[in-house]
Structure formats: structure tokens, C-alpha cells
Amino acid sequence: MKGIYKDIQETISWIKHKTNHFTPEFGIILGTGLSNLTDQIEISYAIDYADIPHFPVSTVKSHKGQLILGMFEGRKVVAMAGRFHYYEGYSMKQLTFPVRVMKFLGISLLFVSNAAGGLSQHIQTGDLVIIRDHINLMPEHPLRGQNDSKLGTRFPDLLHTYDKEMIQKALDIARKNNIRCHAGVYVAVQGPNLETPAEYRYMNRIGGDIVGMSTVPEIIVAKHMDLKVFAMSVCTDMGYPFEAIKVTTEDDVIEVARSAEPKMTTIVRGIIKDYKLL
Ligand code: HPA
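In short, a report on the structure. (Residues numbered from 1 in each chain as written. Predicted model: local features only at pLDDT ≥ 70, side-chain atom pairs only at ≥ 80, totals over all residues. Heavy atoms only, no water.)

### Some remarks on the nonpolar core
- Membership of the largest hydrophobic core comes to 81 residues, with the highest contact counts inside it found for Leu67, Leu110, Phe111, Phe230 and Ile267.
- Ignoring sequence-local partners within four residues, the contact set of Phe230 consists of Leu109, Leu110, Phe111, Val112, Ile130, Met166, Ile167, Ala170, Ile267 and Ile271.
- Core analysis: the next-biggest nonpolar cluster, separate from the first, contains 7 residues, Val189, Tyr200, Val211 and Met213 among them. (Core = buried A, V, L, I, M, F, W, Y, C linked by side-chain atoms within 4.5 Å. Buried < 20%, exposed > 50% of the residue type's maximum accessible area, 1.4 Å probe, protein only. Contact = heavy atoms within 4.5 Å.)

In C-alpha cells form, the structure reads like this:
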């Protein structure tokens with residue numbers, strides 16, 4: 001962790017200077033095909049990642065690569081249009097750096113979204129899945145190495161990672177709006193290949209409902225710094241049962257995620273609207 005605290009402070013003072021000390025209450029990370037939520041934000045500042053000191057730069061085609069600060073549902077938010085993935089070659093520390101920055105900008109709640117493969121016959125393409133727990137199968141860990149106690153504890157406890165009240169609230173909003181939505185367990189893998197049928201079946205058997213290549217590193221780092229988190233997936237392809245698996249391209253994933261995006265926005269909007277800061 002050597003130096004990371006200093007890097008965060010440098011990035012924070014640069015952003016604060018650029019944004020006239022804009023202090024967001026919520027952070028939002030938008031996943032593959034899901035960055036149109038930014039169209040609903042009254043944007044005060046949009047900053048290219050490439051301009052932000054110490055920020056990594058996104059390489060995935062569906063990601064815009066901008067930090068957006070503005071108003072959403074009358075609340076101050078900071079949103080990442082485009083996130084960083086381990087499979088792109090970043091270290092876990094690099095790809096979770098923006099979460100640290102959002103924390104120090106002032107957020108107390110982080111929303112995370114992603115596109116993911118389904119691991120259950122109940123979860124169909126286009127369905128939303130609110131993450132209620134995760135299984136981390138990624139090969140590296142963002143907290144490996146010396147711990148900086150200014151950021152968090154050496155051994156974070158993940159028992160109450162996903163806030164039960166917010167999960168319930170999300171399911172209620174979905175029901176009221178006729179949105180197909182489940183609560184489920186997210187399995188995090190490195191990628192970049194999608195899984196073999198045998199791997200999908202294995203992940204179903206170990207208790208997974210959806211599988212994807214992101215989110216868990218960011219969630220772990222958020223919990224390390226005591227942030228509240230809310231995470232949700234759009235199921236973009238079915239990995240289980242075997243008969244439901246189809247050849248899936250990146251464009252397929254983006255297309256399904258884009259068309260499900262308004263449903264996700266409805267849920268995030270509903271949660272933010274009623275959320276009382278501690
Ligand atoms: N597996 C892993 N990651 C994914 C998938 C999948 O089937 N779909 C979208 N992201």
C-alpha cells in the first residue's frame with residue numbers, strides 16, 4: 001500500500017480544485033452497456049479519466065471513461081461512466097483506486113452495476129439480479145500487501161457486505177414496476193473468456209446465481225473503507241442449464257445490457273430518492 005494514501009490525497013485535491021469542491025453523497029459505478037444512466041444526471045462536471053492524476057484509463061469499447069459529478073434525484077452524485085477490469089491488465093490496486101477516491105470525495109454509499117451470465121434456470125436474459133452475497137474466484141486481491149490503517153482494517157469482515165434493507169427496497173421497487181428481478185449470489189472470475197458449460201455448472205453447484213468479471217474488487221475495497229454498498233447485475237446471457245447456453249459476443253452482452261438499463265435506472269432512482277444519510 002506504500003504511497004496510495006498520498007496518491008489519493010493528490011487526486012482529491014486536483015478534483016476538488018477542478019469542481020469547486022463538489023461533495024457527492026453517492027458513488028455510482030456503471031458497468032458494460034450500462035453507462036446511459038449518466039444521461040439522467042444533471043451534469044455539473046465531466047472529467048476524462050485520462051486527465052485525472054493517478055487514474056487508470058479504460059480500454060473497453062462500451063465504456064465512456066469519464067468521471068461525472070452532478071445531480072440525480074436532487075442528490076449530489078459522482079458516477080464512473082466506465083470501469084476498470086482485471087482482465088485489461090490493471091492491478092487490483094489500480095482498478096479499485098477510483099473507489100478510494102470517491103470515498104475521500106465524501107460518498108457514504110456506493111452503487112455498483114455490471115453485466116453478468118446467469119447460473120440458474122430462474123434467471124433469464126434481461127433479468128436484473130440484486131447482489132446479496134458473492135463468491136470471489138479472482139486470482140488476486142486488492143488488499144494484498146501492507147495495510148494502511150488510514151484506509152481501513154487489516155482483516156475486513158464481509159458478513160454484512162450487502163445491505164439487507166436496500167436489497168428488500170430494490171425488490172419492492174422492481175415488483176411495483178413489473179420488473180423481473182431476483183436477489184442472488186455473484187461469482188467473480190478473472191475472464192476474459194466466458195465460461196465453459198462445465199464451469200457454469202460448477203458455479204451453479206457452489207451456490208452462484210450469476211457470474212461476471214468485475215464488481216467484487218470494488219466492493220471489497222468499499223467495505224475496507226466502511227462504505228455502504230448496493231450492487232446489481234443485468235443477466236446478459238444464460239450459462240445454466242446447459243440447453244440455454246448460446247454463443248455470446250461482446251456486442252450481444254452490450255445490447256442486452258443497454259436494453260435492460262432503464263430498469264436498472266428505475267431501481268437506483270427509487271433507492272436514492274428515499275435514502276437518508278446517516
Ligand atoms: N460470464 C462471465 N462474465 C460475463 C458473462 C458470462 O457469461 N456475461 C457477461 N459477463
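### Re the pattern of salt bridges
- Using the criterion set out here, one finds 9 salt bridges in the structure.
- Ionic pairing is found between Asp274 and Lys169, a salt bridge with its closest N-O pair at 2.6 Å. Residue Asp274 is found in helix α6 (residues 250–274), and its partner Lys169 is found in helix α3 (residues 164–176); the two are separated by 105 residues along the sequence.
- For Lys169, a relative accessible area of 29% corresponds to the partly exposed category.
- As a salt-bridge pair, Arg175 and Asp172 come within 3.1 Å of each other at their nearest N and O atoms. (Salt bridge = Lys/Arg side-chain N within 4 Å of Asp/Glu carboxyl O. Helix = DSSP H or I, 4+ residues; strand = E, 2+ residues; numbered from the N terminus.)

### Some thoughts on the pairing of strand β5 (residues 109–118)
- Burial within β5 is extensive, with 10 of its 10 residues counted as buried.
- Bridging between β5 and strand β9 (residues 228–238) involves 10 bridges; their strand directions are parallel. Each bridged residue has a counterpart across the sheet, and for Ala116 the counterpart in β9 is Cys235.
- Examined bridge by bridge, β5 and strand β8 (residues 210–212) share 2 bridges and lie antiparallel to one another. Across the sheet, residue Gly118 finds its bridge partner in β8, namely Ile210. (Pairing = 2+ DSSP bridges.)

### Focus on the site of the ligand
- Taken together, Ala115, Ala116, Gly117, Leu194, Glu195, Tyr200, Val211, Gly212, Met213, Thr236 and Asp237 make up the full set of residues near the ligand.
- Residue Gly117 places a main-chain N or O atom 3.3 Å away from a nitrogen atom belonging to the ligand.
- Between the ligand and the protein, one listed contact pairs an oxygen atom with a side-chain N or O atom of Asp237 at 2.6 Å.
- When the ligand sits alone it has 260 Å² of accessible area, and the protein chains cover 95% of it.
- For the shell around the ligand, the secondary-structure elements that each account for two or more residues are β5, β8 and β9. (Near = heavy atom within 4 Å. Polar contact = N/O pair within 3.5 Å; in protein donor to acceptor, adjacent residues only side chain to side chain. Areas by Shrake-Rupley, 256 points an atom, 1.4 Å probe, with all protein chains shown as cover.)

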